[in-house]
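Coordinates in review
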Amino acid sequence: MTDTMQHTAETTVLDRVADRLFIGGEWVEAEGGKTLAVSDPSTGETIKEIADASPADGIRALDAAVAAQDAWAATAPRERGELLRRAFDLLQERKEDFALLMTLEMGKPLAEARGEVAYGGEFLRWFSEEAVRISGRYGLNPEGTGRMIVSQRPVGPSFFITPWNFPLAMATRKIAPALAAGCTVVIKPPALTPLTTIAFVQLLEEVGLPKGVVNVVPTSTSSKVSAPIIADPRLRKLSFTGSTEVGRTLMQQAAQGILRTSMELGGNAPFVIFEDADLDKAVDGAMIAKFRNIGQACTAANRFIVHESVADEFAKRVADRVKAMKVGRGTDDGVNIGPLIDEKAVDSTDELVQDAVSKGATVLTGGTRIDGDGTFYAPTVLAGVAAGSRLLSEEIFGPVLGITTFSDEDEAVRLANGTEYGLVSYVFTQDLARGHRLIERMATGMMGLNTGLVSNAAAPFGGVKQSGIGREGGLEGIHEYLDTKYTLIPVS
């Protein structure tokens, strides 16, 4: 594709995205006409200006969700499911447009953006099928004195706060189960990457979304808009994906209204390689678990804990692979590593690398920011990361692979579990018995055994400890949006 053709394609996709708030089925200006600028992190240039919601706009959005709640809850499950299925089908038709839009506002390589469209779409398909499987039970109580009916009903109006790193999948992962369960929604997309969410809601409107069922309020003042929505007694559910620090604050706010909450928070994933591991598979898994999404994922492998007998060989192989990676704008052919989301992310990544080096780590490749337009950091491999390095205790959120070693299984488990986080772990071993032991011993909500990618719409996604509460996806995902009701009918 020529530069002119590429520019035309980008302009066309951006022009199609609404630049307003979506409240009560209408695209409206923000209070006072305020706008926020969305930038391309590969260039630093503004690519679109959109409405910037105020706290009053947020409450208007909640008003619309509350007004639509009863009618949407009463809508037949089949009808709710069919709307999601139509959305899935239309998303597949427009997958190239959505992939390009994500790459423009977030920076990930186009091939990975296509992968996110496929992944995000699966939540629509999965929950379109789950909508008609909401069930209860009926039976005689043990005493024989009454009939028990256990039923499920929608929680009610829900508020979603989504992150910038997976702008489509995080929206569909929350919106799809809510709509399937019969809940209405207010969603606040991230100020850094709001365009994909807006485009997705335009798609929902196109396939027949009733007015007020989903409302969108992008804003540059997240806490000011979120706080009054969370404090409103009409809200019944809060779902957030982001940092543990912010999640802790939101949970405190949600406690005032005893809200149902789902929190998918920070991660510090261990990637453990035993002496009997298939190193080819381990290296392949490492490249996925570490460098997917430029390392900007809560599921990204953060600590590579490698048996001392294979550490040098693993380090050499993975460093050779990383040296061959192409860095550049996500729309360019063959790019593996795009920009980090902003300059703050580059600074944070570099601080962690320099701290590890100051404590004795060896840079095998990378280890520096890349000068020029955009916010790029060289994909990096560090060997000999010492205990006490910040790299081992803080979430990296960048393309940095740090290796430390262990001598036996107990030490590996101690190192892997030695963190306040517990989202996901990765284990590579060909010993079946050991693999089964580690399923029990690893203190994480998810685990990849001989694989570097665990996410799937049919599986429950979530963590333990300070990585969050609740689950998204899978059979469990829809129950986050349902209340259980018990009714007793006396036997006459």
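Residues numbered from 1 in each chain as written. Predicted model: local features only at pLDDT ≥ 70, side-chain atom pairs only at ≥ 80, totals over all residues. Heavy atoms only, no water.

1. A few points about the overall build of the protein
In terms of helices and strands, the protein carries 15 helices and 24 strands. In terms of overall dimensions, the protein is globule-like: its C-alpha atoms have a radius of gyration of 23 Å, near the 23 Å expected for 492 residues. Taking the principal axes of the C-alpha coordinates as reference, the protein spans close to 75 × 65 × 40 Å. Out of the 492 residues in the protein, the part that is buried amounts to 55%. Look at the contacts in the protein between residues 6 or more apart in sequence, and 73% of them connect residues 24 or more apart. Put simply, the protein shows about 19600 Å² of open surface, and 51% of that area lies on carbon and sulfur atoms. The protein carries 49 positive and 64 negative side-chain charges, and their two centres are separated by 5 Å. (Helix = DSSP H or I, 4+ residues; strand = E, 2+ residues; numbered from the N terminus. Rg over C-alpha atoms; globule rule 2.2 N^0.38 Å. Buried < 20%, exposed > 50% of the residue type's maximum accessible area, 1.4 Å probe, protein only. Contact = heavy atoms within 4.5 Å. Areas by Shrake-Rupley, 256 points an atom, 1.4 Å probe, with all protein chains shown as cover. Lys, Arg positive; Asp, Glu negative; His and termini not counted. Charge placed at Lys NZ, Arg CZ, Asp CG, Glu CD.)

2. Regarding the environment of Glu49
Checked against the element boundaries, Glu49 lands in strand 4 (residues 46-51). Counting along the chain gives 15 residues from Glu49 to Lys34, while the straight-line C-alpha distance between them is 9.8 Å. Discounting chain neighbours no more than four positions away, the residues touching Glu49 are Asp19, Thr35, Leu36 and Ala37. Of note is the side chain of Glu49, whose polar atom sits 3.4 Å from the side chain of Thr35. (Polar contact = N/O pair within 3.5 Å; in protein donor to acceptor, adjacent residues only side chain to side chain.)

3. Remarks on the packing of aromatic side chains
For the structure on display, the rule yields nine aromatic pairs. Considering the side-chain rings of Tyr119 and Phe123, the 5.1 Å spacing of their centres and the 65 degrees angle between planes classify their relative orientation as edge-to-face. Here Phe123 and Tyr119 lie together in helix 5 (residues 110-130), a separation of four residues that amounts to about one turn. Here the two residues Tyr119 and Phe123 agree in accessibility, since each one is buried. Aromatic side chains Phe271 and Phe428 sit 5.0 Å apart centroid to centroid with 20 degrees between the ring planes, which places their arrangement in the stacked category. (Phe/Tyr/Trp six-rings, centres within 6.5 Å; stacked < 30°, edge-to-face > 60°.)

4. Some words on the pattern of salt bridges
Tallied over the entire structure, the rule returns 37 salt bridges. The partner of Arg234 in a salt bridge is Asp63, and the shortest N-O contact between them spans 2.7 Å. In this pair, Arg234 is assigned in the loop between helix 8 (222-231) and strand 10 (237-241) and Asp63 in helix 2 (residues 55-74), connecting sequence segments 171 residues apart. Accessibility expressed as a relative area gives 33% for Arg234, which makes it partly exposed. (Salt bridge = Lys/Arg side-chain N within 4 Å of Asp/Glu carboxyl O.)

5. A look at the environment of Ala99
Following the sequence through the fold, Ala99 ends up in helix 4 (residues 95-106). Since its relative accessible area comes to 0%, Ala99 is described here as buried. Separated by 18 residues in sequence, Ala99 and Val117 place their C-alpha atoms 6.5 Å apart. When neighbours within four sequence positions are excluded, Ala99 is seen to be in contact with Leu110, Ala113, Arg114 and Val117.

6. What about the nonpolar core?
Counting 115 residues, the largest nonpolar core has Ile175, Leu179 and Phe314 as its most contacted members. When residues in this core are grouped by element, the largest group, nine residues, is from helix 6 (residues 169-181). Not counting residues within four places of it along the chain, the set of residues in contact with Phe314 comprises Ile273, Leu279, Ala282, Val283, Ala286, Phe304, Val306, Leu401 and Ile403. Counting 24 residues, the second-largest nonpolar core is a separate cluster that includes Leu21, Ala61, Val225 and Leu259. (Core = buried A, V, L, I, M, F, W, Y, C linked by side-chain atoms within 4.5 Å.)

7. Description of the pairing of strand 3 (residues 35-39)
The alternating pattern of strand 3 places Leu36 and Val38 on a buried face, while none of Thr35, Ala37 and Ser39, on the opposite face, is buried. Bridge count for strand 3 against strand 4 is five bridges, and the pairing is antiparallel. Counted as the bridge partner of Val38 is Lys48 from strand 4. What sits between the antiparallel neighbours strand 3 and strand 4 is a turn of six residues, in which Gly44 has the positive phi angle 80 degrees. (Pairing = 2+ DSSP bridges.)

8. Looking at the pairing of strand 6 (residues 146-154)
Here strand 5 (residues 137-140) pairs with strand 6 via four bridges, running antiparallel. Along strand 6, the bridge assignment pairs Arg137 with Val150. What sits between the antiparallel neighbours strand 5 and strand 6 is a turn of five residues, in which Gly144 has the positive phi angle 75 degrees. Bridge count between strand 6 and strand 24 (residues 482-490): nine bridges; the pairing is antiparallel. Within strand 24, the position partnered with Met148 by the bridge is Leu488.

9. A few points about the layout of surface pockets
Taken as a whole, the largest pocket holds about 1300 Å³ of empty space. In terms of lining, the largest pocket is formed by 47 residues, of which the most central are Trp164, Phe240, Gly242, Ser243 and Val246. Counting residues per element, the ones that place at least two in the lining of the largest pocket are helix 8, strand 10, helix 9 (244-255) and helix 12 (343-358). If you tally residues by element for the lining of the largest pocket, the top one is helix 9, at seven residues. Here the residues of the lining of the largest pocket are counted per class, giving 19 nonpolar, 18 polar and 10 charged. (1 Å grid on protein atoms, 1.4 Å probe; cavity = no way out; pocket = protein on both sides within 12 Å on 5 of 7 lines; lining within 4 Å. Points joined across faces, edges and corners; volume = space filled by probe spheres on them. Nonpolar A, V, L, I, M, F, W, Y, C, P; charged D, E, K, R; others polar.)

10. Describing the packing of helix 3 (residues 77-93) against helix 7 (residues 195-206)
Relative orientation of the contacting elements helix 3 and helix 7 amounts to 120 degrees, with a least axis distance of 9 Å. Here helix 3 is positioned oblique relative to helix 7, judged by the angle of their axes. The handedness of the crossing between helix 3 and helix 7 comes out as right-handed. Residues Leu83, Ala87, Leu90 and Leu91 of helix 3 form the contact with helix 7, whose participating residues are Leu203, Leu204 and Glu206. Tallied by class, the residues present in the contact of helix 3 with helix 7 amount to six nonpolar, no polar and one charged. (Axes fitted to C-alpha atoms, helices over the stretch in contact; angles between N-to-C directions. Parallel < 35°, antiparallel > 145°, perpendicular 65-115°, else oblique. Left-handed = near helix turned anticlockwise from the far one by under 90°.)

11. What to know about unusual backbone geometry
Within the chain, Ile258 stands out as a residue other than glycine whose phi angle is a positive 50 degrees. Backbone geometry places Ile294, a non-glycine residue, at a positive phi of 65 degrees. Its place among the elements puts Ile294 in the loop between helix 10 (279-291) and strand 13 (301-307). Note on Ile294: relative accessible area 0%, which makes it buried.

12. Observations concerning the side chain of Lys108
With respect to the helices and strands, Lys108 occurs in the loop between helix 4 and helix 5. One polar contact links Lys108 to Glu116, side chain to side chain, over a distance of 2.3 Å. Polar contacts involving the side chain of Lys108 include one to the main-chain carbonyl oxygen of Asn165, which spans 3.1 Å. If we ignore the near neighbours within four places in the chain, the residues touching Lys108 are Thr103, Ala113, Glu116, Asn165, Phe166, Pro167, Asn293, Ile294 and Gly330.

All quantities given are derived from atomic positions and should not be read as evidence of function.
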